[in-house]
Amino acid sequence: MKYYCDACRKAIDTDRCPVCGKTRLHAAEPDDLCFLTEKEQILSGMLADVLKQNEVPFIGENVLGAGVALKVGPMFERVRFYVFFNNLSVAEKIVEELFSKGGENTDDN
Ligand SMILES: [Zn+2]
């Protein structure tokens, strides 16, 4: 059973959020938007492609404001990905396979 902190937009294993300390979280609903991962611009494009290929709807949010991005350049821009709780486990698997350092992946199913 997963809980959902709507302040942090994260799915969590306990009903107390470890990030903001919020308690009595509600159970995660299929359409709760959950934080997936944060990637730099280049990698985020790759991840977006794979999510699309797997028909996982997602929202990408630039971490830096537009003004900051102009100053430091788009190379340093980072993107946060959010997916619906419904798709979270699939999306996490995709992230894991794309960015795992080990390389060796056992494919069950
Ligand atoms: Zn929280």
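Scroll up to find the structure this text is about.
Residues numbered from 1 in each chain as written. Predicted model: local features only at pLDDT ≥ 70, side-chain atom pairs only at ≥ 80, totals over all residues. Heavy atoms only, no water.

A. Molecular detail of the pattern of salt bridges. Within this structure, the stated rule accounts for five salt bridges. As a salt-bridge pair, D6 and K22 come within 2.7 Å of each other at their nearest N and O atoms. Separated by 16 residues along the polypeptide, D6 in the loop between β1 (3–5) and β2 (10–12) and K22 in the loop between β2 and β3 (26–27) bring together distant segments of the chain. By relative accessible area, which is 44% here, D6 ends up partly exposed. Look at K22 and you get partly exposed, because its relative accessible area is 34%. Overlapping salt bridges, with partners in common, bring together E38, R78 and R80 in one network. (Salt bridge = Lys/Arg side-chain N within 4 Å of Asp/Glu carboxyl O. Helix = DSSP H or I, 4+ residues; strand = E, 2+ residues; numbered from the N terminus. Buried < 20%, exposed > 50% of the residue type's maximum accessible area, 1.4 Å probe, protein only.)

B. Inspection of unusual backbone geometry at higher detail. Located in the positive-phi region is R9, a residue other than glycine, with phi close to 55 degrees. You can see R9 is positioned in the loop between β1 and β2. Even without being glycine, E55 reaches a positive phi, approximately 55 degrees. As for its position among the elements, E55 is in the loop between α1 (41–53) and β5 (58–62). Classification of E55 by relative accessible area gives exposed; the value is 69%.

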